[in-house]
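Spelled out, the chains give:
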There are 2 protein chains.
Amino acid sequence: MSRAAGTCFSLKKPTYATMKIHGKNNIAGALSAEGSQQIEAINPANGAALDGRFTLATEAEINRAAETAQEAFSGYRRKTAQQRAGFLRAIGEEILALGPALIERAMAETGLPQARLEGERGRTVGQLNKFADTLLEGSWVQARIDRAQPERTPLPRPDVRSMYIPLGPVAIFGASNFPLAFSVAGGDTASALAAGCPVIVKAHPSHPGTSELVAGAIAAAVEKTDMPPGVFSMIHGGVHESRMLVQHPALKAVGFTGSLKAGRALFDLAAARPEPIPVYAEMGSVNPVFILPDFLKTRGAEVAPGLCGSVMLGVGQFCTNPGLVITTDTPGLPGFLDALGRQIQTSPAGTMLNAGINAAYENGLAALATRPGVAVLAEGREATGQNQGKAALLRVAATHFLQDEQLQEEVFGPSTLVVAGENAEQLSRVIAALHGQLTATIYGTEQDFRDFPDIIDLLAQKAGRLLFGGFPTGVEVCDAMVHGGPYPATTDSRSTSVGTAAIFRFVRPVAFQNFPDRLLPEALQEENPAGILRMVDGVFLPPA
Amino acid sequence: MSRAAGTCFSLKKPTYATMKIHGKNNIAGALSAEGSQQIEAINPANGAALDGRFTLATEAEINRAAETAQEAFSGYRRKTAQQRAGFLRAIGEEILALGPALIERAMAETGLPQARLEGERGRTVGQLNKFADTLLEGSWVQARIDRAQPERTPLPRPDVRSMYIPLGPVAIFGASNFPLAFSVAGGDTASALAAGCPVIVKAHPSHPGTSELVAGAIAAAVEKTDMPPGVFSMIHGGVHESRMLVQHPALKAVGFTGSLKAGRALFDLAAARPEPIPVYAEMGSVNPVFILPDFLKTRGAEVAPGLCGSVMLGVGQFCTNPGLVITTDTPGLPGFLDALGRQIQTSPAGTMLNAGINAAYENGLAALATRPGVAVLAEGREATGQNQGKAALLRVAATHFLQDEQLQEEVFGPSTLVVAGENAEQLSRVIAALHGQLTATIYGTEQDFRDFPDIIDLLAQKAGRLLFGGFPTGVEVCDAMVHGGPYPATTDSRSTSVGTAAIFRFVRPVAFQNFPDRLLPEALQEENPAGILRMVDGVFLPPA
């Protein structure tokens, strides 16, 4: 059914108005609405309910999703790299085949503009294709081969060969702020499916219709490429349903993007299971931007326009939004603050993702403004519609910052707090006091790096990604990307949720000792039929 | 002081009788005994207290160990690969320099024989040297480079480069059963130090004197190679001290080898911290050995001598001890059981590591023998001394095994339980019911693998290492080894605690975006001065 829908719509290029939202859970490709509780999708721009009522999954439906995922795992993990790559590409094609309907529904549910969502769709399809490339290249299994040494004394060395295999079914919780790229078919789903893990997505209640459309596209791709149906399910639900999903014994890992509170709750739940499972929760971060004294003096004001743009991007609703600017109260600061304040003042308010996020932003900002030593330097243009977030620039001295951990809490929205230290020593103390971050950005001259020779090393202890200049918003999907970082930026700093290295979150190594070649996985066979880079007897050998 | 001791002793080739045991904690190279609680070392062969009284660490001493580790981290992580490799090699040299004294003390504390402990010392030094080689080779940092594409539209691609960096100070809990190779300077310590993490070891109370000697050797190596003193500490303690150590905010990971109960307790504690940290606990495993029907019929009896040797190795006190033999009640079973029973009957009892382990073995075996359907087929020779464990062979039908999870619990010692299924279908159900394991071993003919085409894939879901024939005891220290597996074999199946891939447990990736070459770590600089394999623009490039 989903298949037919996808194909049909791709020919007709339907608009959202012509596309019926059914509001059901998608369990292994079958639509299901056995429950009695429903939620609505709300347009944040006008508070109106959008069409469709979404039925929360029952325990039976969640169990069915988990059990079919478990069943599908057996077949799915044995698919070839080519088959899995074909599946990922087909998902991208089916998403594109949804046409303008997907963009229109996402606009209505999130208040995000068309161009942004079209860009995000491109990113979503792009990262599915990038994981397909990773599968076809094949080296990600990290094959290691230590050949037998029967003549070794006192004991012969056995033949030992290892590679990564998938963990099992993964529960994924999409983010509100990227309804496509970090949601139903987002990076977490793409990386888990690439690794060979079935996926069950809990749709974000802030964009359930968008989620339904994308789930239909994935189900269509499942059918088109002959994958086992249980390889993908999507359910609607709240806290209760999320808990059931994470506690189901068939689930072997969790991917999450959202708040610290929700991410930590899932982590705690997963750790308390009879069999604990890993949770990759990408949570809060204030993404400090450091402007060092010599740079501040000579070029500080240059940073203001781009920094303001980064603060305002997506109405400040980026995980990598620069919520903290750390600098010194030295020459150049007034000019920098003036320039940034002027930018902020002319920034228009924008519709936030939902009423709850808008209220949390206003409350968070109000709370921040009343903390000891905090001054509001500038505010953006007033809201002209419902649920609009207004820009804000605040300032505090480092002495206050060092005494007040609340100043490190993420205020999700278009504001930033400038922390001005008195000197280098205080700057070092601010760095030492920083919580874990997704990113840290540094502006410095050659003179600054002579004066602060340790700063890069120190910031590497605090963040998953360091930027030399530029702005932290915009996370390139590439092999080298690290979108992660020490707690509370994530619950597991050992990984990334963006880029192809995200595949390593959903695998574990397994070794084969003294196996005959024909019984080994292709990646470990002597003649390297998979044609991949392998470590053989301690030496990395590219394919012949 | 430690340095002088090491050097001096290496010249004199002291015996244990001439070496004074001080019983103190070693905090960043300084001996310290501020507490009032003491424990003794007991010789399990005669129950006698050995010389030395060991003072448990106080909270102040544990805090000092953690704080000096935190301080040392800054300097230690910046040491070059050559410097860290030199440190690891020096530890091995200092351990060898302890001479016979170390072996004698370890024999007295563990009841293990001289040849075994000399072999284990060789393994310990060998794995330190192997990690040194890994550091010098350098590719373990997994450098990934995606170069800038300034001309890309709609947005230019930034330059992004990532590599692994160390997590921070690591708490390590050694095992009772390998007083050298999985203890103070064992695999966990070697891999954490290699990764660039300071280490605090909690000495195992079953071999505190051996631990003290090895800690002195490490402290000597710290001084000799000019490492920051806080890079290594060792404390004595029990549950209370262990809890304090794992909860200290400076600690960023935990390595553990021991029981399920203790490992899970540490895991739970670490997960409940304000900042949760990873726990690599290697715990219980019964290491099933599968003998498939055609192999059983044609060659089953051949396996008996080697299998008995594996069951008896180290008086059954190996993590990889084959505690379960899974086969079918088909032709060949009587012959196999007879042969194995005869081997078991002639096996001598052996001194176990301590009175507690011996008592737990006897109780566990007695409990196992009374489970429904379990029959004792053979017993080994009677004990002739204190704390000796006697071999045992038991049998149960698969129908009982499938109904009784207690039959999967590890009985740590020289016994094995044969589970006989009726047919292939029952064998599959036994596999499905198996808990996570460190190893699974398969004996099968070509006919068997035609009849059970899925068995390797199914067992790969259950264990970290699969063996085609042979025996699971004996874990080769090599690049491809995986000593790990799904819970409850470990708390984190995504890693190994033996072999050079263990270094990945103590690192996290960090990305550098748009950095000038001179400010990048050597591993990421454009000209590849480190001369390592790197992934550049999606392609693995060996050093030029």
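The preceding data block contains the structure.
Throughout what follows, the structure given in this document is the object of discussion. (Residues numbered from 1 in each chain as written. Chains lettered and ligands numbered in written order. Predicted model: local features only at pLDDT ≥ 70, side-chain atom pairs only at ≥ 80, totals over all residues.)

Okay, the nonpolar core next. By size, the foremost hydrophobic cluster in this structure holds 358 residues, and its most contacted members are A:Val254, A:Val419, B:Val254 and B:Val419. In this structure B:Val254 touches B:Val170, B:Ala171, B:Val246, B:Leu266, B:Ala270, B:Ile277, B:Val279 and B:Tyr280, once residues within four positions along its chain are discounted. (Core = buried A, V, L, I, M, F, W, Y, C linked by C-beta atoms within 7 Å. Buried ≥ 20, exposed ≤ 12 C-beta atoms within 10 Å, placed from the backbone. Contact = placed C-beta atoms within 7 Å.)

What follows covers the sheet that holds strand 15 (residues 375–379) of chain A. The 12 strands are arranged 15(A)-17(A)-18(A)-13(A)-12(A)-19(A)-20(A)-21(B)-6(B)-5(B)-22(B)-23(B) in an open sheet whose pairing can be described as mixed. With partners counted over all chains shown, the strands left at the sheet margins are strand 15 of chain A together with strand 23 (539–541) of chain B, one partner each. Averaged over all pairs of adjacent strands, the angle between their axes in this sheet comes to 25 degrees, without regard to strand direction. Both strand 5 (residues 144–146) of chain B and strand 22 (residues 534–536) of chain B contribute to a ladder of 2 bridges, which runs parallel. Counted as the bridge partner of B:Arg144 is B:Met535 from strand 22 of chain B. Sitting on the sheet, helix 12 (residues 355–369) of chain A touches strand 15, strand 17 (392–397) and strand 18 (415–421) of chain A, and the angle it makes with strand 17 of chain A is about 30 degrees. (Pairing = 2+ DSSP bridges. Helix = DSSP H or I, 4+ residues; strand = E, 2+ residues; numbered from the N terminus. Axes fitted to C-alpha atoms, helices over the stretch in contact; angles between N-to-C directions.)

So, about the relation of the copies chain B and chain A. Two copies of the chain are present, and they differ by a rotation about an axis and a shift along that axis. Placing chain B over chain A gives an RMSD of 0.0 Å and needs a rotation angle of 180 degrees, together with 0.0 Å of translation along the axis. Read as a symmetry element, the transformation amounts to a two-fold axis. When each C-alpha of chain B is compared by its distance to the rotation axis, B:Ala271 comes out closest, at 3.3 Å. Comparing contact sets, 100% of the residues at the interface of chain B also lie at the interface in chain A, consistent with an isologous, same-surface contact. (Least-squares fit on C-alpha atoms with pLDDT ≥ 70 in both.)

Residues and elements named next belong to chain A. As a packed pair, helix 4 (residues 100–110) and helix 5 (residues 114–137) sit with axes 10 Å apart at the nearest point and diverge in direction by 125 degrees. By the criterion of interaxial angle, the relationship of helix 4 to helix 5 is oblique. Relative to helix 5, the crossing made by helix 4 is right-handed. Here helix 4 contributes Leu102, Ile103, Ala106 and Met107 to the contact with helix 5, which in turn contributes Gln114, Leu117, Glu118 and Arg121. Considered class by class, the residues forming the contact of helix 4 with helix 5 number 5 nonpolar, 1 polar and 2 charged. (Parallel < 35°, antiparallel > 145°, perpendicular 65-115°, else oblique. Left-handed = near helix turned anticlockwise from the far one by under 90°. Nonpolar A, V, L, I, M, F, W, Y, C, P; charged D, E, K, R; others polar.)

Now for the pairing of strand 21 (residues 507–513) of chain A. Residue and element names in this part refer to chain A. The buried fraction of strand 21 is high, at 7 of 7 residues. Covered by surrounding structure in strand 21 are Val507, Pro509, Ala511 and Gln513 together with Arg508, Val510 and Phe512, the residues of both alternating faces. Here strand 6 (residues 160–166) pairs with strand 21 via 7 bridges, running antiparallel. If you follow isoleucine 165 over to strand 21, its bridge partner there is arginine 508.

At the interface, 54 residues of chain B touch 54 residues of chain A. Among the elements of the structure, strand 5, strand 6 (160–166), helix 9 (260–271), helix 16 (455–460), strand 20 (463–468) and strand 21 (507–513) of chain B are those that each provide at least two residues to the side of chain B that touches chain A. When grouped by side-chain class, the residues that make up the side of chain B that touches chain A number 31 nonpolar, 11 polar and 12 charged. Two elements, strand 20 (residues 463–468) of chain A and strand 21 of chain B, share 3 bridges in a ladder whose sense is parallel. Along strand 21 of chain B, the bridge assignment pairs A:Arg465 with B:Ala511.

Moving on: unusual backbone geometry. The omega torsion of the bond from B:Thr153 to B:Pro154 falls at 0 degrees, within 30 degrees of zero and hence cis. Tracing the chain through its elements places B:Pro154 in the loop between strand 5 and strand 6. The amide bond that connects B:Tyr487 to the next residue, B:Pro488, takes the cis arrangement and shows omega of 5 degrees. Its identity as a non-glycine residue notwithstanding, A:Asn287 has a phi of 50 degrees, on the positive side. Tracing the backbone shows A:Asn287 in the loop between strand 11 (279–282) and strand 12 (288–291).

Residues and elements named next belong to chain A. One can describe the packing of helix 5 onto helix 6 (residues 187–195) by two numbers: an axis separation of 9 Å at closest approach and a directional angle of 20 degrees. Between helix 5 and helix 6, the crossing angle belongs to the class labelled roughly parallel. Handedness of the helix 5/helix 6 crossing: right-handed. Judged by residue contacts, Gln127, Leu128, Phe131, Thr134 and Leu135 of helix 5 engage Gly187, Ala190, Ser191 and Ala194 from helix 6. The class makeup of the residues in the contact of helix 5 with helix 6 is 5 nonpolar, 4 polar and no charged.

Next up on the list: the sheet that holds strand 6 of chain A. Pairing within the open sheet is mixed, and its 12 strands lie in the order 23(A)-22(A)-5(A)-6(A)-21(A)-20(B)-19(B)-12(B)-13(B)-18(B)-17(B)-15(B). Looking at the sheet topology across the chains shown, the edges are occupied by strand 23 (539–541) of chain A together with strand 15 (375–379) of chain B. On average, each strand axis in the sheet is tilted by 25 degrees relative to the strand beside it, whichever way the strands run. In the sheet, strand 5 (residues 144–146) of chain A pairs with strand 6 of chain A via 3 bridges, with the strands oriented antiparallel.

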